Structure formats: C-alpha cells, structure tokens
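Fold and contact review
Single-letter residue listing:
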Amino acid sequence: MASASTFVYVTFIRTTPQKLWQALTTPEFSRQYWFGVSTVSSWETGAPWALKFDDGRVPDSGIVTESDPPRRLALTWRHELVAEEGYTRCVFDLEPDGDSVKLTITHTSELEHSKVIQHISKGWPRIISNLKSLLETGTVLFAERIQTCS
Amino acid sequence: MQPNGCIIQCMDDDAVFKALADPHRRQLLDRLFDRNGQTLGELCHGLEISRQAVAKHLALLEAANLLSCQWQGREKLHYLNPVPINQIAERWIGKFDQHRLRALSALKQALEGDPHG
C-alpha cells in the first residue's frame, strides 16, 4: 500500500536485542533518553500504550498492534497536539548485526502532508542518538529537549 | 567510555563524511529531503549523470547509513536517514550554543537567499 508520508530511521547500536527491547519498553529506561517521557504499556498485542510525563500528561498514545520481543514492535500512534489527524503507524524492527543491533524505526501516515510526521521527524533523530549513546556508553548526549524557535 | 567503541565510531564518522563529500550525493540527499521514498528512476530524473553513477552514489550513501531502502512490491524506495548526521552534529555542534548557531545560520540564509543555508 502506498503511504503518503513515511520516515525510516536506522541506527546500529552495540548492544543485544534483549537490552534494546528493554530500553524501548521500560519506563525507567525510556525516560532517561526520551527527554523525560516514559513509555508505558504491558506491550502485549492489543494493549494500549502511552508516552507519559512525570506530571501525568500524555503527549502520545495508541495501541500495540504487534509485539514479538525482541524482534518487532508495531504501534498505532496518535500525537495529542494534532489529534485531529488520527492514528499513524510506527514499527520498530530489531535485527542482530555482528556485535550490534540494527534498529529500524518506520513511521507512516496515510496523509500526504502529515503534521504528526513533521513533529516526529524533528524528535526521532535526537531520541535515537540519545538511546544509542546511553546503551553504548551509559550516558545520554542531552538530558533535556532543546527548545526550538518554531 | 569504551576505547574500542570510539574507534568504531570514528570509522562510522569517516564513512559519513566521505559520503557527504560529493556534491551529487548531497544533491540526492536534498532531493530525498524534499520528497522521501523515491525510486532510482525518480532520483535519476533531471540529473546529468548516468543511471549507473546514481546507483553507485546511492550504494555509498546506503553503506554510510545515510539512506535506508525498503521494497514496496517490485520497487525499491530510498529514504533519507538523518540519524548519522544528527550524531555528528551533536558530537561537535551540540556542545556549543545551538541557539546562537541557529541564529547565525538563519542570518546567513536571509542575507544570501540560500535555501540550504
């Protein structure tokens, strides 16, 4: 099916698929590299998932559509700032590659000019860089989101 | 810090810098930035170099992890992967005052009218 807006992000992280899966799905782990938001769910197929700030606000949420630890996690994804656009689809693929894991994040919207994808495309590269740095060196590059002028 | 990890990181950076050192490859990335998910044929359109040369450039960009490819039926679609560029930017530029650098880059863009600042 042709998708109107798709972003594909790839990074190689020197870790194991199990550790990377844990980093993606554990609240205490995710908030370290995801600028203070935690990923919260039971991560079973059909379960709801959400990103949560410590004060309880939920900027993003959806349903787990496929959960195959530690290989594939597929989510429907709604960004609250542009809730009128409805759900996008985000897939995390984890493939062992030598002593590393190839992480591919594919985020797709059926809309040609999706604002969700625009918002997300600014955030993903920084989140992924932080995640890679945390897993490989134990520290993040940036603890806080840098405010953009827009 | 892992010294071994640093060496591997340097090799990754070398591939990215080498890939970015060619104007045709930068042009291909710019075209994907404007419209993500293009085929080889679409990317060749309007370029003065051969289809084989474009395919070679794309392979080098993919090896540097600046491109990600996905098959859709029989079509191979190319997607810009900005993650390695972000890592380079954060390694050096992120250490400095990013706001001022953005302001400088906006000023340069406004004065020179360069869309790719």
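Before reading further, recall that the structure is shown in the block above.
What comes next concerns the included structure. In this text the structure is predicted, and so the values were computed from the model without any measurement. (Residues numbered from 1 in each chain as written. Chains lettered and ligands numbered in written order. Predicted model: local features only at pLDDT ≥ 70, side-chain atom pairs only at ≥ 80, totals over all residues. Heavy atoms only, no water.)

Let's talk about the overall build of chain B
When you go through chain B residue by residue, the secondary structure sums to 6 helices and 2 strands. Scanning chain B from its N terminus toward the C terminus, one meets helices and strands in the order α-α-α-α-β-β-α-α. Looking at the 117 residues of chain B, the share that counts as buried comes to 35%. Nonlocal contacts in chain B, meaning residues at least 24 apart in sequence, comprise 48% of its contacts between residues at least 6 apart. Counting every atom, chain B has about 7,500 Å² of accessible surface; 58% of that belongs to carbon and sulfur. (Helix = DSSP H or I, 4+ residues; strand = E, 2+ residues; numbered from the N terminus. Buried < 20%, exposed > 50% of the residue type's maximum accessible area, 1.4 Å probe, protein only. Contact = heavy atoms within 4.5 Å. Areas by Shrake-Rupley, 256 points an atom, 1.4 Å probe, with all protein chains shown as cover.)

Side note on empty space enclosed by the protein
All names here are of chain A. In total, this model carries 1 cavity of 30 Å³ or more according to the counting rule given. What the largest cavity holds in volume is close to 50 Å³. It is strand β5 (residues 72–79) that provides the largest number of residues to the lining of the largest cavity, a total of 3 residues. Partitioned by chemical class, the residues of the lining of the largest cavity number 8 nonpolar, 1 polar and no charged. (1 Å grid on protein atoms, 1.4 Å probe; cavity = no way out; pocket = protein on both sides within 12 Å on 5 of 7 lines; lining within 4 Å. Points joined across faces, edges and corners; volume = space filled by probe spheres on them. Nonpolar A, V, L, I, M, F, W, Y, C, P; charged D, E, K, R; others polar.)

Focus on the side chain of A:S38
All names here are of chain A. Mapped onto the secondary structure, S38 falls in strand β2 (residues 38–41). The exposure class assigned to S38 is buried, which follows from its relative accessible area of 8%. Among residues more than four places away in sequence, those in contact with S38 are P27, S30, R31, A50, L51 and K52.

Here's the deal with the packing of aromatic side chains
Residue and element names in this part refer to chain A. For the structure shown, the criterion picks out 7 aromatic pairs over all chains. Relative to W124, the ring of W34 has its centre 5.3 Å away and its plane inclined at 55 degrees; by these criteria the two rings are tilted. A residue pair is termed long-range when its members are at least 10 positions apart, and W34 in the loop between α2 (27–33) and β2 and W124 in helix α3 (residues 115–137) qualify at 90 residues. W34 gets classed as buried once you look at its relative accessible area, which sits at 6%. (Phe/Tyr/Trp six-rings, centres within 6.5 Å; stacked < 30°, edge-to-face > 60°.)

Here we look at the pattern of salt bridges
Residue and element names in this part refer to chain A. Under the criterion given, the structure shown has 10 salt bridges over all chains. D54 serves as the salt-bridge partner of R31, at 2.4 Å between the closest nitrogen and oxygen. Of this pair, R31 sits in helix α2 while D54 sits in the loop between β3 (48–52) and β4 (60–68), and the two are 23 residues apart along the sequence. Its relative accessible area of 60% is what places D54 among the exposed residues. With a closest N to O distance of 3.4 Å, D68 and R71 form a salt bridge. On the accessibility criterion, D68 (29% relative accessible area) is partly exposed. Linked by salt bridges that have partners in common, R14, K132 and E136 make up one network. (Salt bridge = Lys/Arg side-chain N within 4 Å of Asp/Glu carboxyl O.)

Quick notes on the nonpolar core
Core analysis: the largest hydrophobic core is formed by 33 residues, its most contacted members being A:L20, A:W77, A:F92, A:L103, A:W124 and A:L131. Those elements that provide at least two residues to this core are β1 (5–13), α1 (17–25), β3, β5, β6 (88–97), β7 (100–109) and α3 of chain A. Looking at this core element by element, the count peaks at 8 residues for α3(A). For A:F92, the contacting residues outside a window of four places in its chain are A:L24, A:R71, A:R72, A:L73, A:L75, A:L103, A:T104, A:I105 and A:W124. B:V16, B:L29, B:L67 and B:I88 belong to the second-largest nonpolar core, a separate cluster that totals 17 residues. (Core = buried A, V, L, I, M, F, W, Y, C linked by side-chain atoms within 4.5 Å.)

Notes on the sheet that holds β1(A)
Residues and elements named next belong to chain A. Ordered by their spatial adjacency, 7 strands build an open sheet running β1-β7-β6-β5-β4-β3-β2, and the pairing between neighbours is antiparallel. Strands with a single pairing partner mark the edges of an open sheet, and in this sheet they are β1 and β2. Within the sheet, the average angular offset between the axes of one strand and its neighbour, ignoring direction, is 25 degrees. Pairing between β4 and β5: 6 bridges, direction antiparallel. In the sheet register, D68 faces β5, and the bridge partner there is R72. Those strands touched by α1 are β1, β2, β4, β5, β6 and β7, and its axis lies near 155 degrees from that of β6. (Pairing = 2+ DSSP bridges. Axes fitted to C-alpha atoms, helices over the stretch in contact; angles between N-to-C directions.)

Note that all results are geometric; they support no functional claim without further evidence.
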